[in-house]
Amino acid sequence: MATRQRNQVRKGPHGGMQLVLTEDVTNLGKQGDVVEVKAGYGRNYLLPNGLATIPTEHNLRLLDRYKQRVHQAREAKMADLRVLAEQIQRETLSIEANASEEGHLYGSVGAGEISAALKAKNLQVEVDMVRLEGPIKELALYAVKLHLGYDIDTEVKVQVIRPAEKK
């Protein structure tokens, strides 16, 4: 009777398990990298969430073909983001907020309002892409940094104004 061989996970040079990343993982590596991680991190987080696979010979062959397709898709996405960054840089947003006579806002303008104003102009920017040092609490013109991903950063001018008087 033939015994079935267990599919063992390769050990790395430092004693951890070797995995192939199927997604970009912050502070670990990019998609397609072969990384060495602690056994618990790989078994309990990366593998169940589909962020990594075991590097078998078959997976490594597929990975080479897949890397080429991913590289082309990534280049196309980066080109789209560069175009978006140029469009955003040309825009000046006007956000209305109630303020006192001295110019202090009664609330604050945060990343959500800036993202909503950009989406109203058909520029798809998510809330987590907006990088504010702190909430905006004054009537003024601000330069707000945006991180679109893939190391593409841009700035948008945000003018915080009082709402127009209703008659």
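In this text the structure is predicted, and so the values were computed from the model without any measurement.

So, the overall build of the chain
What the chain contains, in helices and strands, is three helices and nine strands. The N-to-C order of helical and strand elements in the chain reads β-β-α-β-α-β-β-α-β-β-β-β. Its C-alpha atoms give the chain a radius of gyration of 24 Å, more than 25% over the compact-globule value 15 Å for 167 residues. C-alpha atoms of the chain, sized along the principal axes, occupy 90 × 30 × 25 Å.

Observations concerning the confidence of the model for the chain
Counting all residues, the mean pLDDT for the chain is 86, and 93% of those residues have values of 70 or more. The secondary-structure element of the chain with the lowest mean pLDDT is helix 2 (residues 57–90), recorded at 85, while helix 1 (residues 39–46) shows the highest, at 92.

With respect to unusual backbone geometry
Phi is mostly negative for residues that are not glycine, and the peptide bonds are mostly trans. Backbone geometry places Asn27, a non-glycine residue, at a positive phi of 65 degrees. In this fold, Asn27 is placed in the loop between strand 1 (17–21) and strand 2 (34–37). A relative accessible area of 80% places Asn27 in the exposed class. You will see that Asn122, though not glycine, has its phi angle at about 60 degrees, which is positive.

About the cut-offs
- Residues numbered from 1 in each chain as written.
- Predicted model: local features only at pLDDT ≥ 70, side-chain atom pairs only at ≥ 80, totals over all residues.
- Heavy atoms only, no water.
- Helix = DSSP H or I, 4+ residues; strand = E, 2+ residues; numbered from the N terminus.
- Rg over C-alpha atoms; globule rule 2.2 N^0.38 Å.
- pLDDT = per-residue confidence, 0-100.
- Buried < 20%, exposed > 50% of the residue type's maximum accessible area, 1.4 Å probe, protein only.

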